[in-house]
Amino acid sequence: MWTVDSMPSARDSARPDAFLLLSFGGPEGPDDVMPFLHSVTRGRGVPEARLAEVAEHYHHFGGVSPINEQNRQLLAAIRADFAANGVDLPLYWGNRNWRPMLADTLAQMRDDGVRRAVAFVTSGYGSYSSCRQYREDIAAARAAVGPDAPLVDKLRHYHDHPGYVLPLADGVRAALSTLENDGGAATRRTSPEVRLVFTAHSLPVSMARNAGPTGGRYEAQLRETARLVAAAAAPDLEWDLVWQSRSGPAHVPWLEPDINDHLAALATARVTDVVVSPIGFTSDHLEVVWDLDTEAAATAAKLGLGFARAATPGTDPRFVAMVRELISERYDGAPQRRLGTLPVWDTCPEDCCLGAS
C-alpha cells in the first residue's frame, strides 16, 4: 500500500503525461448534502445537529455548492491556457469528498494509459487539511486503484505567487471602489475608519501549531499573503487577519477571532467601513457566499458597518497562467515567481503538517 512518503519526489525526473485538478468537492443537489457532509466530517466527532445546521446553508442555495461548477470553469480555463501555450497534457479532475471522487478519476486515468500526473490542488497553504490530507488522499486513491495506478506529483504551495496575490489585490481595489461609490468612509483612503479584513478557514489550534515542518506555517503563510495583498492594493489602510467557517466539537479550541466577533470589535473601535478579502479561498464557494456574503454581511449591517467583500482569484487569467508556470518550474527548471520570503518546496518532510491531536 502506498503511503504519503512513498509518493513521487522532486528528484523524479520523468515528465507527467496528464494534468489533475484536485479539489474539495461539494453537493450538486439536495439529496447529496448530508452524504457529502458525512464524507467531509468522517471520524471527527461533529454532532449531527451541527451537520444539520450546516446543511441548511447548502439548502439555501438549492442544495448545490458553487465549487464544482467553479472547478469546471477553472479546468476549462486551464485547458485553453495549455492549448495557447503548447502544453500537450490531457486534463482530469478529482475531488476529496464528492463526485468525481479522486479514486474514480485515477482509475479512469489508468484505463486511459496515464502513467504519471501532475496535480494542482485548490489550496495554496500548508496544514494538515489544506496540504497533507490531500497527499494522503492521493496515496489512498492510488492504493484503491492498484499497482497500475498513475504516479501523482503534487505542485508546491503558491500563497505568494503573483498569479495568486495580484488578483486578490485587484479584488480589494474593486471592493474599496464600491464603498467609495456608496459615499462611505473609504473616500478617505487613509482613514483609520476603514479597515481591511483578511479571512481564511479556521483550524483547530493544535492543527495550526503542527502546520509545516516546524509548526505555524498555515498562519505564517496567510499573514504573508495578507501583507502582500495589502501592500499592493491599499498600503495606507490597517489590516487584520481573522478566521471563518469553524466546524467541529465546541470543546476543541480553534483559531480566533471569528469574522463576526471581529466585526463587532471593529464597530466599537469606531471603524465605519470594512473590506473583507477571503485570501484563504481560491474561488467563491459556499464558505464565501454563505459565511461572508450572507452571515458576515448581515452582522455588518446590524452593526452599521459599511461592508464590501473582495473577489477571489477564480478564473483570473493570471491565476490560470500560474498553474502552467508552476508546472514549468517543476519540470523545466523555470525560476520561481514569488513575492514573499517564506520557504517553499516540492517535497514535504515526512512529519510535516501532522493532524490535530
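For the structure itself, consult the block above.
The structure presented is a predicted model; accordingly, all values stated were derived computationally and were not measured.

Cut-offs applied
Residues numbered from 1 in each chain as written. Predicted model: local features only at pLDDT ≥ 70, side-chain atom pairs only at ≥ 80, totals over all residues. Heavy atoms only, no water. Helix = DSSP H or I, 4+ residues; strand = E, 2+ residues; numbered from the N terminus. Contact = heavy atoms within 4.5 Å. Core = buried A, V, L, I, M, F, W, Y, C linked by side-chain atoms within 4.5 Å. Buried < 20%, exposed > 50% of the residue type's maximum accessible area, 1.4 Å probe, protein only. Salt bridge = Lys/Arg side-chain N within 4 Å of Asp/Glu carboxyl O. Pairing = 2+ DSSP bridges. Axes fitted to C-alpha atoms, helices over the stretch in contact; angles between N-to-C directions.

Considerations on the side chain of Ser-277
For step 1, the next point in the chain: Within the fold, Ser-277 resides in strand β7 (residues 273-277).
For step 2, the next point in the chain: Contacts of Ser-277, omitting those with residues within four sequence positions, involve Leu-168, Val-172, Val-197, Phe-198, Thr-199 and Ala-310.

As for the nonpolar core
For step 1, the next point in the chain: In this structure, Phe-19, Phe-120, Tyr-218 and Val-275 are the most contacted members of the largest nonpolar core, which totals 54 residues.
For step 2, the next point in the chain: When residues of this core are assigned to their parent elements, the largest contribution, 8 residues, is made by helix α6 (residues 162-181).
For step 3, the next point in the chain: In contact with Phe-120, not counting residues within four places along its chain, are Phe-19, Leu-20, Leu-21, Leu-22, Leu-155, Tyr-158, Phe-319, Met-322, Val-323 and Leu-326.
For step 4, the next point in the chain: Within the second largest apolar cluster, 18 residues are counted, among which are Ala-107, Val-114, Val-145 and Ala-149.

Brief notes about the pattern of salt bridges
For step 1, the next point in the chain: By the definition in use, this model includes 22 salt bridges.
For step 2, the next point in the chain: Across the pair Asp-32 and Arg-99 runs a salt bridge, and its minimum N-O distance is 3.5 Å. Taken together, the residues Asp-32 in the loop between β1 (18-23) and α1 (33-41) and Arg-99 in the loop between β2 (91-95) and α4 (102-111) connect sequence positions 67 residues apart.
For step 3, the next point in the chain: We classify Asp-32 as buried; its relative accessible area is 14%.
For step 4, the next point in the chain: The salt bridge partner of Asp-153 is Arg-116, with a shortest N-O separation of 3.0 Å. In this pair, Asp-153 sits in strand β4 (residues 151-154) while Arg-116 sits in strand β3 (residues 116-121), placing the two residues 37 residues apart along the sequence.
For step 5, the next point in the chain: Residue classification places Asp-153 among the buried residues on the basis of a relative accessible area of 1%.
For step 6, the next point in the chain: Using a relative accessible area of 8% as the deciding quantity, one classes Arg-116 as buried.
For step 7, the next point in the chain: Each of Asp-170, Arg-173, Asp-316 and Arg-318 takes part in one network of salt bridges that share partners.

Describing the sheet that holds strand β5 (residues 194-201)
Sheets are built from strands that pair by backbone hydrogen bonding, the pairs being arranged parallel or antiparallel.
For step 1, the next point in the chain: Taking strand neighbours across the sheet as the criterion, the 4 strands line up as β6-β5-β7-β8 in an open arrangement whose pairing is parallel. Every other strand in the sheet has two partners, leaving β6 (238-244) and β8 (306-309) as the edge strands with one partner each. Here the strands of the sheet are splayed against their neighbours by 25° on average, with no regard to which way each runs.
For step 2, the next point in the chain: Pairing of β7 with β8 involves 4 bridges; the strand directions are parallel. In the strand pairing of β8, Asp-273 is matched with Gly-306.
For step 3, the next point in the chain: Set on the sheet, α6 makes contact with β5, β7 and β8; between it and β7 the angle comes to about 155°.
For step 4, the next point in the chain: Packing against the sheet, helix α8 (residues 217-233) makes contact with β5 and β6, and its axis sits at approximately 140° to β6.

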